[in-house]
Amino acid sequence: MANPKVPALAGVMSPFPYSIAPEATLREAREMMVEHDIHHLPVTDEEGAIRGVISDGDIFVAGNLAPGGGADTPVKAVYSPEPYVVDIHERLDDVVRTMAERRIGSVIVSRDGRLAGILTHTDVCRAFAELVGALSPPPSDGNAA
């Protein structure tokens with residue numbers, strides 16, 4: 001039986017994330033990130049298969065290295081083709097531990113081999129804050145110690 005104090009991965013991840021095609025441009029990827037206030041995009045092909053992930057950092061570096069800022073460079077030239085992909089039923093603590101060990105900011109979450117969500121360092125921080133808050137609620141008089 002799972003530890004009831006460990007939240008489920010599905011309850012912490014961002015479900016049904018936006019994704020982008022490998023043939024899209026870095027400009028399109030950046031515009032999507034800005035529009036939706038996100039920092040990671042799963043890369044999926046026409047059939048919806050997970051091909052990789054691209055981050056705003058990847059786009060920044062590519063833009064600084066490419067002539068003309070690389071805006072028309074295809075995502076497939078820059079994205080990480082071997083992202084950390086986990087099944088939706090994996091234990092959250094195991095996934096977060098691996099994120100820390102590998103020093104990565106996002107995990108692609110799949111269900112039956114298809115994109116189901118994304119777990120980012122922001123999602124992890126939010127869940128941790130909720131857990132810590134539940135473990136030590138504020139004083140009842142409203143004054144912080």
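Cut-offs and rules
- Residues numbered from 1 in each chain as written.
- Predicted model: local features only at pLDDT ≥ 70, side-chain atom pairs only at ≥ 80, totals over all residues.
- Heavy atoms only, no water.
- Phe/Tyr/Trp six-rings, centres within 6.5 Å; stacked < 30°, edge-to-face > 60°.
- Lys NZ or Arg CZ within 6 Å of the ring centre and 35° of its normal.
- Salt bridge = Lys/Arg side-chain N within 4 Å of Asp/Glu carboxyl O.
- Buried < 20%, exposed > 50% of the residue type's maximum accessible area, 1.4 Å probe, protein only.
- Helix = DSSP H or I, 4+ residues; strand = E, 2+ residues; numbered from the N terminus.

Undergrad: Honestly, the packing of aromatic side chains in this entry has me stumped. Any pointers?
TA: Here the distance between the centres and the angle between the planes together describe a pair of aromatic rings. Under the definition given, this model contains zero aromatic pairs. Seen from the ring of Tyr 84, Arg 102 lies directly overhead, with NZ or CZ sitting 4.5 Å from the centre.

Undergrad: Could you clarify how one ought to interpret the pattern of salt bridges in this entry?
TA: Close approach of charged atoms allows side chains of opposite charge to pair. As enumerated under the stated definition, the model contains five salt bridges in all. Close ionic contact of Arg 51 with Asp 45 constitutes a salt bridge, the shortest N to O distance being 2.6 Å. Given a relative accessible area of 16%, Asp 45 falls into the buried group. The shortest N-O distance in the salt bridge between Asp 94 and Arg 97 comes to 3.1 Å. One end of the pair is Asp 94 and the other is Arg 97, both in helix α4 (residues 92-102) and three residues apart, which spans about a single turn. Owing to a relative accessible area of 34%, Asp 94 belongs among the partly exposed residues under this scheme. Judged by its relative accessible area of 44%, Arg 97 falls in the partly exposed class.

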